[in-house]
Each structure stands twice: as C-alpha cells, then as structure tokens.
Amino acid sequence: MTFQINYDQEVDAAYFRLENQAVLESEEIAEGIIVDYDQDNKIVGVELLGVKTINLGDLVLLIPLLPESFKAQIKDFFALEFNIIEKSVP
C-alpha cells in the first residue's frame, strides 16, 4: 500500500492517497469529505476540504471505511498538524 499525504495550506485542503490506482468514482460522504474509489470500489484516496474547520464528528462516517493503518495516519495528521485532541473518533 502506498500512502501519501499532501496538504495545501493556501486552500486548507488535504489529500490522503492510499493506493496508486486510477480514481473511477468520487463520493462526498459528508461536507468537505470526499472519498475516491477505484474500479473495484476500493478506497484509493480521501480529500478533506477546509481541514482546519472540518467537523470532526463527520470523520466518524469516514473511519469505518478505512484500513487500520490509514486510521492511525489520519489521526496523527490531525494531532500533529493542527493540535486537535481526539474526541469521538475511534
């Protein structure tokens, strides 16, 4: 699994790339949380728009869809980059 994080501070958006597969479909599962799927309906990336103001409660919708290794990475991203204390995100 290839894992990359790109954060654009100017537009306050982050893209988490899980796989190097082509994106076939995208779905906004909550405001500012977009999940990209490949041809096998496997998650290949997640885009977060308005990272600093995103509703952490909405991340609860995303977490069950992700592999365990990615869950830890996204928690670390928020904790390190924005000093956000984990609340209800499992």
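Just above, that's the structure.
Residues numbered from 1 in each chain as written. Predicted model: local features only at pLDDT ≥ 70, side-chain atom pairs only at ≥ 80, totals over all residues. Heavy atoms only, no water.

## Structural notes on the overall build of the chain
Helix and strand content of the chain: two helices and five strands. When the helices and strands of the chain are read in sequence order from the N terminus, they spell out β-β-β-β-β-α-α. For the chain, the proportion of its 90 residues judged to be buried stands at 40%. The contacts of the chain with a sequence gap of at least 6 include a subset with a gap of at least 24, amounting to 46%. By element, 46% of the accessible surface of the chain is carried by carbon and sulfur atoms, the whole surface being about 5500 Å². (Helix = DSSP H or I, 4+ residues; strand = E, 2+ residues; numbered from the N terminus. Buried < 20%, exposed > 50% of the residue type's maximum accessible area, 1.4 Å probe, protein only. Contact = heavy atoms within 4.5 Å. Areas by Shrake-Rupley, 256 points an atom, 1.4 Å probe, with all protein chains shown as cover.)

## Focus on the sheet that holds strand β2 (residues 13-17)
Spatially, the five strands line up as an open sheet ordered β1-β2-β5-β4-β3, and their pairing is antiparallel. The sheet is open, and its two borders are formed by β1 (4-8) and β3 (25-30), each paired with just one other strand. Between one strand axis and the next, the sheet turns by 15 degrees as a mean value, whatever way the strands run. Looking at chain direction, β3 and strand β4 (residues 33-37) are connected through five bridges and run antiparallel. Across the sheet, the residue bridging to Ser26 is Asp36, located in β4. (Pairing = 2+ DSSP bridges. Axes fitted to C-alpha atoms, helices over the stretch in contact; angles between N-to-C directions.)

## Section: the pairing of strand β5 (residues 43-49)
Within β5, five of the seven residues are buried, which leaves the element mostly enclosed by the surrounding structure. When β4 meets β5, the two strands line up antiparallel, connected through five bridges. Bridging from a neighbouring strand, Tyr37 pairs with Ile43 of β5. Taking the residues that link successive antiparallel strands as the turn, the β4-β5 hairpin has five residues, and the phi of Asn41 there is positive, at about 65 degrees.

## Examining the environment of Asp58
Relative to the elements of secondary structure, Asp58 occurs in helix α1 (residues 56-62). Separated by 27 residues in sequence, Asp58 and Glu31 place their C-alpha atoms 7.9 Å apart.

## Overview of the side chain of Asp38
Examined against the element boundaries, Asp38 turns out to sit in the loop between β4 and β5. Buried and unpaired, Asp38 has Lys42 as its nearest opposite-charge partner, separated by 5.9 Å. Looking at Asp38, its side chain comes within polar contact range of the main-chain nitrogen of Lys42, at 2.9 Å. In this view, Asp38 contacts Gln21, Ala22, Leu24 and Val44; residues no more than four positions away in its chain are not counted. (Lys, Arg positive; Asp, Glu negative; His and termini not counted. Salt bridge = Lys/Arg side-chain N within 4 Å of Asp/Glu carboxyl O. Polar contact = N/O pair within 3.5 Å; in protein donor to acceptor, adjacent residues only side chain to side chain.)

## Examining unusual backbone geometry
Phi angles above zero are rare outside glycine, and Asp12 is one such case at about 55 degrees. Secondary-structure assignment places Asp12 in the loop between β1 and β2. The phi dihedral of Asn41 is positive, around 65 degrees, even though this residue is not glycine. Mapping Asn41 onto the fold places it in the loop between β4 and β5.

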